Amino acid sequence: MPANLKEVRNRIQSVKSTQQITKAMKMVSAAKLKRASDAIIQMRPYTEKLQEILSNIVSTMEEEVSLDFSKERDPEKVLLVLVTSDKGLCGGFNSNNIKKAKGLIENEYADQFAKGNVQLMFIGKKGFDYFKKNNIKGDTTYIDLFKNLNFNETSVIAEFIMEKFLDGTYDRIEVIYGKFLNAATQDFVVERFLPVPTIETGDNYSKTKVDYLFEPSKEEIIEELVPKILKTQLYKAVLDSNASEHGARMTAMDKATENAKELVRQLNIDYNRARQAAITTELSEIVGGAEALKQ
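Given the structure is predicted, the values throughout are model-derived calculations rather than measurements.

A look at the overall build of the protein
Line of reasoning, step 1. Regarding its fold elements, the protein presents six helices and four strands.
Line of reasoning, step 2. Across the protein, helices and strands are ordered from the amino to the carboxyl terminus as α-β-α-α-β-α-α-β-β-α.
Line of reasoning, step 3. Expected size for 295 residues packed as a compact globule is a radius of gyration near 19 Å; at 28 Å, the protein overshoots this value by more than 25%.
Line of reasoning, step 4. For the protein, the C-alpha atoms occupy an extent of roughly 115 × 40 × 30 Å along the three principal directions.
Line of reasoning, step 5. A buried classification covers 43% of the 295 residues belonging to the protein.
Line of reasoning, step 6. Sequence separation of at least 24 residues holds for 76% of the intrachain contacts in the protein that already meet a minimum separation of 6.
Line of reasoning, step 7. Of the roughly 16,400 Å² that the protein leaves accessible, carbon and sulfur atoms contribute 51%.
Line of reasoning, step 8. Here the protein contributes 42 positive and 43 negative side-chain charges, whose respective centroids are spaced 12 Å apart.

Remarks on the sheet that holds strand S4 (residues 185-194)
Line of reasoning, step 1. The strand order across the open sheet built from four strands is S2-S1-S3-S4, with neighbouring strands paired in mixed fashion. Each edge of the open sheet is held by one strand with a lone partner, namely strand S2 (118-123) and S4. In this sheet, neighbouring strand axes are inclined to one another by 25° on average, regardless of whether the strands run parallel or antiparallel.
Line of reasoning, step 2. Bridge count for strand S3 (residues 172-182) against S4 is nine bridges, and the pairing is antiparallel. By the bridge assignment for S4, Val175 is matched with Glu191.
Line of reasoning, step 3. In the packing of helix H2 (residues 93-108) onto the sheet, the strands contacted are strand S1 (78-83), S2, S3 and S4, and the crossing angle to S3 comes to about 150°.
Line of reasoning, step 4. Along the sheet, helix H5 (residues 151-166) makes contact with S1, S2, S3 and S4, crossing S4 at roughly 45°.

Notes on the pattern of salt bridges
Line of reasoning, step 1. By the definition in use, this model includes 17 salt bridges.
Line of reasoning, step 2. In this structure, Asp68 and Lys71 form a salt bridge, with 3.1 Å as the shortest nitrogen-oxygen distance.
Line of reasoning, step 3. Residue classification places Asp68 among the partly exposed positions, given a relative accessible area of 38%.
Line of reasoning, step 4. For Lys71, a relative accessible area of 42% translates into the label partly exposed.
Line of reasoning, step 5. When the shortest N-O distance is used, the salt bridge between Arg172 and Glu108 registers 4.0 Å. Of this pair, Arg172 sits in strand S3 while Glu108 sits in helix H2, and the two are 64 residues apart along the sequence.
Line of reasoning, step 6. The class for Arg172 is buried, based on a relative accessible area of 13%.

Calculation criteria
Residues numbered from 1 in each chain as written. Predicted model: local features only at pLDDT ≥ 70, side-chain atom pairs only at ≥ 80, totals over all residues. Heavy atoms only, no water. Helix = DSSP H or I, 4+ residues; strand = E, 2+ residues; numbered from the N terminus. Rg over C-alpha atoms; globule rule 2.2 N^0.38 Å. Buried < 20%, exposed > 50% of the residue type's maximum accessible area, 1.4 Å probe, protein only. Contact = heavy atoms within 4.5 Å. Areas by Shrake-Rupley, 256 points an atom, 1.4 Å probe, with all protein chains shown as cover. Lys, Arg positive; Asp, Glu negative; His and termini not counted. Charge placed at Lys NZ, Arg CZ, Asp CG, Glu CD. Pairing = 2+ DSSP bridges. Axes fitted to C-alpha atoms, helices over the stretch in contact; angles between N-to-C directions. Salt bridge = Lys/Arg side-chain N within 4 Å of Asp/Glu carboxyl O.

The following block contains the structure:
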C-alpha cells in the first residue's frame, strides 16, 4: 500500500476512534444532565420565592430592626466566588464564566484589585487553573465541591462566606456561575450574594413590596430565616452551574461527533481518489511494460 494511502487510512481509523469517544461522552453527559436539570428546575421556583421574600423583608424593615446581612458598605474588600467545572470538553462554559470574573476584576473592581483587595474563591478546578497561569491566587478550600455535591457541603461554604461578611473581612460578595436555561443554552451571570439585595437594588426580584405579618416576632424570624435562605441561594447557584456544565458538554460532544462523521466522509473520498489514482498508475505501468516487450 502506498505511503499516502496508508496515512489516509490511519487518519480515518483515528477519527473513528475519536468519534466513538465523543459519542460515549455525549451519552454520559445526557444521563447526568437529566438528573442535574431535574434538580435545578424543581428547586428554582422555591429559591426564587425565598429570595423575593428576603428582599421584601430587607426592604420593609423598620429602623429598630436591623439586619447585618443587608448593611451596605463601600466595597473596599470584595470576594468573587467563581463556579466552574472540574473538567474540560464542555464548549465555552468555563471560558465564559472566567470572562465574567475577569470583567469584574478589570472594570468594576479595578481599583480594589490594584490595592490587593479582591479575593477569588474557586468552586471547580478550571477557574483555578486559569488564574493560576495568570499569577492570580485565590481560596481553594472548597475547590472539590463537585466531587460530593449536596446541600450540607454547600451550606458550609455559605456559612464561611456569611461569617467573613459579618466580621468585615469582605464588604461585598459576588457569585459568578452559569445559569441553566436548556441543554444548549446557558446564561452566565454575576449575582450579588451579600449584602442582601433589596427590592430597589436587586435586578431579578419582584418590584412589589409586601408587608408581611410575623409570628412569633420579626427579629426571631429574620435571625432564623435569613441564613437558611442564603444557604439555599448558594446551593441553587451551584446546581445551576452543574446542570449548565453537563448541558454544555453534551452539546459540545454532539457537535464533535457530527464533525468527526463529516471528516470521515471527506477522508473516505480522499482515500478512494488516491486509491483510484494508484490503480490507474499501476495499470499504466503494466500497459507500458507490455508495449515495451512487444517492441
